[in-house]
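A look at the structure
Letter by letter, the chains look like this.
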Amino acid sequence: MEPGLSIESGSAIRVAVLPVGGPIPPQCLRDYAALVAEHARVDLASLRPYYSEHQKSPFSHQPWDTGCLRLKFVLGGCVPSPWEDFQSSRKVLAVVGICHLPSSPDLARVAADFLDAARTYPSSLASRCFAFCPTDAQLLEERKDGIIMFPPSDQKSLELHMLTMIQDLAASLLMEFEKWVLRAESTGTILKTPLDSQTSLGSEEVIKAKKRRLGRAQKIIGDYCLLAGSPADANAHYTTAIDLARLTGDVFWHAGALEGSVCALVVDRMMGQSDPVLEDEVKYRYYTIIQLYRRATLQDNAQRVSPVSFELEAALKLARYLCRREVAKEVSDLLMGAADGAKALIDASDRLILYIEIARLFGSLGYKRKAAFFSRQVAQLYLQQDNAYAAMSAMQVLTMTTNAYHVQSRKTSKPDHASLKSVVSLFESQWSTLQMVVLREILMSSIRAADPLTSWSAAARLLRSFYPLITPAGQSGLASSLSNSADRLPWGTRCADPCLPFIRLHSLPFHPSQRDIVKRNPHKKEWWIGAGPSGPFIYTPFTKGGTSGTSKQEINWIVGEPVQVMIELANPCSFDLVVESIYLSVHSGNFDAFPVTVNLPPNTSKLVLLSGIPTKVGQVSIPGCIVHSFGVITEHLFKEVDSLLLGAAQGLVLSDPFRCCGSSKFKSVNFPSISIVPPLPLLVANVVGGDGSILLYEGEIRDVLITLTNAGTVPVEEANIALSGKNQDSVISIAHNTWKSALPIKPGGEVTFKVTLRAWHLSLTDLEADGSRSPANPRRIAREGINPFLNIHYAGPSAAKGNGEVSLPPGRRLAVPLNICVVQGMRLVRARLLSMEIPARFSEAHLRHVSGKDNISDESNMLHNDISLLKIDPYKGSWGLRLLELELFNPTDVVFDVDVSVHLDGTIVPEDNTADVACHKTRIDRDYSARVLIPLEHFKLPVLDASFFVKENGSDEQLGSKVATIAEKNAKAELNASISNLISKIKVRWNSGRNSSGELNIKDAIQAALQASILDILLPDPLTFSFRLAKDAKPANDSSHSTVENVGPSAGENVLRCKDPISAHKMTHMEVQIRNNTKEIIQMNLSISCKDVAGENCFEENSATVLWAGVLNDIQLEVPPLQEVIHPFSVYFLVPGDYSLQSSSVIIDATDVLRARAKAESSDEPILCRGSPFHIHVVGTE
């Protein structure tokens, strides 16, 4: 069998191309052979200048205008075929010699060598020897017969010269064909095949042979007509031969003539387009040819030479002719039938050629796996031969099958589809065993062929792809094979196929300086606004989406600043893996990667940081890593491993190498788009005193020093500091002038400036979280997301472009977190409202009211600071003073000084610490608590309004009108405002040390404590009473509040001492002042009493110690709304001592408002109002 046969092969003239003379360099031989092979088709019209007709041509239908001669050049020649007489196209009809004259200076020796080579082909009808690159001396020598010089020239001249010589050769062959045909027609010829040589001719056989000679001659003449480019003449001779062969029963030659007629028919109608009629005719005839060859095979089954190869060749020719997708099934049936006939082939070379042709046709048809199967059959036949060349051929054939089995080398696969094939096809489980067999065969053949690189590649693919299916011993054997192959390779050899370990991109742990690159806007003074990130993070979920339409992350690297990429390595095999070096793979040439060495124990994974330094401005792409392991350098791509892990997640891959090694679940990480920018300044911030949390108590003020150091190679020429984040008001001031005066900051320079901080108040959630911490661990850490940041935008100098323009390199943003940890320094345990039941001491500042309209006491009657008050009713206990008790606790390790104050409208609190302020300071040590009492005396409302006592059930009384509703709402709003005002006036401040101070947040606690009794505290009594000396004409008491007997103790009454004592035995004129705090007229019965220190009534008639003038009992008075009345009287003290005057009244016809204020249970219950006692000190006369 011959390779590459087709239906048109019968019209091709076989020309042997032989190198002669001295050795020819391989490249020159390829060039010379390609120069000759370019002219495989020679038009008949171009042969007329070289053709001479000696006698009438037997090719009467020669198509000189459209016909051509087809030449089949066989480099190196071929072995003469025993079937040459059966098919003339198998003969070598011409010999072409190729000589490289620089290596063959002796032309005579070249001519002799060429003649010797041509004698080996007795069927040759013409010969030419082409000598290339002759020297000048060789050109001048006498030309030898058959040697044609090709002087050195350009390619086009050589091609034109070669075309001329090939046309001359073709014309010579055409004339020789004419001579052979004329001679065969006149004299006849004896034609034999290997089948005839094995036949013992009897008398009948001799007669039959003579009859067959004429038909066979016609068949051969048809062959020469076909070779001469005259298919019409050939078809006529083939028709005659078919008829004679049918008559004589020459089945084998009948098939040959019929096959020649099909070739003539196809050659004659070749128009470049498919002809259905022609195709049907060809199929019909070729199926007949196959049947005839099969009959001939059965007839000659006893012969040692079987013609079965012609039957198989006919099937292959028809399959090649029909090889299209539309008739794929028919072609496949023909090829599979031919494959079944391979068993009948005796010669192994014929089976080899058959499998090669079947594989080629299946490949052309698109049946890749069938083509790969028969290619493996070819490789098996090669491997049966015990020589290195056969092993090399087997290795090459198996390499071609790797694409079909999806175990191809990376260098032979398309980059665009490599990652996709690695998921779906490269690790298909149903093909795993077959894929392993293919790779093992490649490994074995490459070892026999002494190709260490191919063997290393096959072992690497086998180990990397199918490690789960290989036993530990097999894995160790493959590792040894890798090492042995590497020992035979030069140091630094690279292979396209990676082995172990598996490498995936884990993360990019970028330094904040690499992320905070801000593009400068040359049209804005504040160039960073709208261009930079809004926080110290890569991604901020609150920023607006971009308009670029891509979600791929973009990162800037700076020239000269080291960067890091974290990868994960996995060794899922049972042996120790030593990675001699691994570094990032960068093809752009603007990045220097640093290699590291890694040792991976069996079935383990490891995270490794790979670093490098950008060297040039531009884009950089990092597709994977360069790994030097098992003595060979390979490139591992991140995308391939990501596709592998994706396939494992979808169940398409045998195993996940990282999960086998105990690594975490796969999470795909996309490598960002990286741009390298010019060198930039680099500021490094340092908080003086440590970079930990700044521990502050609530309200504490502290100065913090921050140092900025330029760690870059470019000076900082401009900078700006702004605040961001939460609790920005905690930054009181920044020393801008300090750092501005230090600009520009040269490389290595630094500047230190001050930032003043103030701790904020903690919320209830913060307090609960702070309280849940263990007392044994006093160290506290600042919570994330609640601290302010110093945003420092800075930039270096501008750069000049080549065209004179100024280029602004990007700037940078440095986010300096102020890690403030606010803790509760002073803790409010509880707050509660107390009634005065024990003596209490208060200074004048507590009790003095300086409101202009309410000042009814004379300045001369002001009390001294050293005079105190015991507010005790000797008959009934408390006189109605209400106190707010605050219990404080100090859980810290410092001492706090607590200062409680009540801020009233018009109250003047002196700033001098020596003066007596609202309350004395209270010092609380560590782990101690203290209770602070706050008097609630001056929080009364000026008017007692009926709207404060609106009934909950409004069905009894229809408020009705819109005016009443508005008035009610206003009253309620006024009450709520009064409550809030009361709470806001109470302040608890603390300080510790020199610059630590703050204020305790007690608003919620006070509101909860006063909620039940807030009306009793705020609402005034209906009537208030005060005494004064008539001679002063000024009130002796500035209080405007009184006590209601039914309500209980009033929170607003004060008992005052007179500034100067009163002398006994003298008439003292006094007045009692009664004020109506309601909006209605009050009628009452007023009574005045006087008691001594023992509580005895001094106005009793029998034992009176005080004489009086005026009415003191049952005084009928009517007090207008919001007005005052005065009742005068005089007293005469007989005995020196301390006395108390007190006024009381019974309201006549009390209204609902008064009864509601007094909380009267019935409408008949009398409403009694009593004022606070007025203390008088009486001294004796001298």
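The name given to the chain in an unreviewed UniProt entry is Trafficking protein particle complex subunit 9, and the organism recorded there is Aegilops tauschii subsp. strangulata. Note on the chain: under the UniProt heading Subcellular location (unreviewed entry), the record states "Golgi apparatus".

Overall, the coordinates contain 26 aromatic pairs when judged by the stated rule. Between the aromatic rings of phenylalanine 252 and phenylalanine 310, the centroid separation amounts to 5.2 Å while the plane-to-plane angle is 85°, which identifies the pairing as edge-to-face. You can see phenylalanine 252 sitting in helix α8 (residues 251-268) and its partner phenylalanine 310 sitting in helix α10 (residues 308-321), a full 58 residues away along the chain. Judged by its relative accessible area of 4%, phenylalanine 252 falls in the buried class. The ring centre of phenylalanine 658 lies 4.3 Å from the NZ or CZ of arginine 504, which sits over that ring.

All told, the structure shown has 33 salt bridges when counted by the stated rule. The salt bridge partner of aspartate 497 is arginine 461, with a shortest N-O separation of 3.6 Å. Taken together, the positions of aspartate 497 in the loop between β7 (494-495) and β8 (502-507) and arginine 461 in helix α17 (residues 452-466) put the pair 36 residues apart, joining distant regions of the chain. Of the two residues, aspartate 497 and arginine 461, neither departs from the other in class, the shared state being buried. For arginine 1075, the salt bridge is made with glutamate 1124, and the minimal N-O distance between the two is 3.4 Å. Pair noted here: arginine 1075 is in strand β43 (residues 1067-1076) and glutamate 1124 is in strand β47 (residues 1124-1133), with a separation of 49 residues, a long-range link. Connected via shared salt-bridge partners are Arg830, Arg832, Glu885, Glu887 and Arg931.

The N-to-C vectors of helix α13 (residues 368-383) and helix α14 (residues 388-405) enclose an angle of 165°; their axes lie 8 Å apart at closest approach. With respect to each other, α13 and α14 are oriented roughly antiparallel. Handedness of the crossing formed by α13 with α14: left-handed. Where α13 approaches α14, its residues Lys368, Arg369, Ala372, Phe373, Ser375, Arg376, Val378, Ala379, Tyr382 and Leu383 are matched on the opposing element by Ala390, Ser393, Ala394, Val397, Leu398, Thr401, Ala404 and Tyr405. Counted by class, the contact of α13 with α14 contains 12 nonpolar, three polar and three charged residues.

The next thing to look at is unusual backbone geometry. Note that the residue after leucine 500, namely proline 501, is joined by a cis bond; omega there is 5°. Mapped onto the secondary structure, proline 501 falls in the loop between β7 and β8. In this structure, proline 744 follows leucine 743 across a cis peptide bond, with omega equal to -5°. Within the secondary structure, proline 744 is located in the loop between α22 (736-741) and β25 (750-758). A positive phi angle, near 60°, is found at alanine 450, a position not held by glycine. Topologically, alanine 450 is positioned in the loop between α16 (432-448) and α17. Alanine 450 gets classed as partly exposed once you look at its relative accessible area, which sits at 46%.

This paragraph deals with α13. Across its 16 residues, α13 extends 22 Å between first and last C-alpha, which sits within 8% of the 22 Å expected from 1.5 Å per residue. Buried within α13 are the following residues: Ala371, Ala372, Phe374, Ser375, Arg376, Val378, Ala379, Leu381, Tyr382 and Leu383. In the core, the buried residues of α13 are packed alongside α11 (328-340), α12 (348-365), α14 and α16.

On to the nonpolar core, then. Counting residues in each nonpolar core, the largest one holds 180 residues, and the members touching the most others are Phe130, Trp557, Ile567 and Ile582. Other than its neighbours up to four places away in sequence, isoleucine 582 contacts Ile503, Ile567, Leu569, Phe594, Pro595, Val596, Val598, Leu610, Cys625, Ile626 and Val627. Counting 36 residues, the second-largest nonpolar core is a separate cluster that includes Val1072, Ile1082, Phe1133 and Ala1158.

Looking at the secondary structure, you find arginine 813 in strand β29 (residues 811-817). At 2.8 Å, the side chain of arginine 813 and the side chain of asparagine 791 are in polar contact.

The rules behind these values
Residues numbered from 1 in each chain as written. Predicted model: local features only at pLDDT ≥ 70, side-chain atom pairs only at ≥ 80, totals over all residues. Heavy atoms only, no water. UniProt positions renumbered as here; feature names shortened; annotations may be inferred. Phe/Tyr/Trp six-rings, centres within 6.5 Å; stacked < 30°, edge-to-face > 60°. Helix = DSSP H or I, 4+ residues; strand = E, 2+ residues; numbered from the N terminus. Buried < 20%, exposed > 50% of the residue type's maximum accessible area, 1.4 Å probe, protein only. Lys NZ or Arg CZ within 6 Å of the ring centre and 35° of its normal. Salt bridge = Lys/Arg side-chain N within 4 Å of Asp/Glu carboxyl O. Axes fitted to C-alpha atoms, helices over the stretch in contact; angles between N-to-C directions. Parallel < 35°, antiparallel > 145°, perpendicular 65-115°, else oblique. Left-handed = near helix turned anticlockwise from the far one by under 90°. Contact = heavy atoms within 4.5 Å. Nonpolar A, V, L, I, M, F, W, Y, C, P; charged D, E, K, R; others polar. Expected span 1.5 Å × (residues − 1). Core = buried A, V, L, I, M, F, W, Y, C linked by side-chain atoms within 4.5 Å. Polar contact = N/O pair within 3.5 Å; in protein donor to acceptor, adjacent residues only side chain to side chain.

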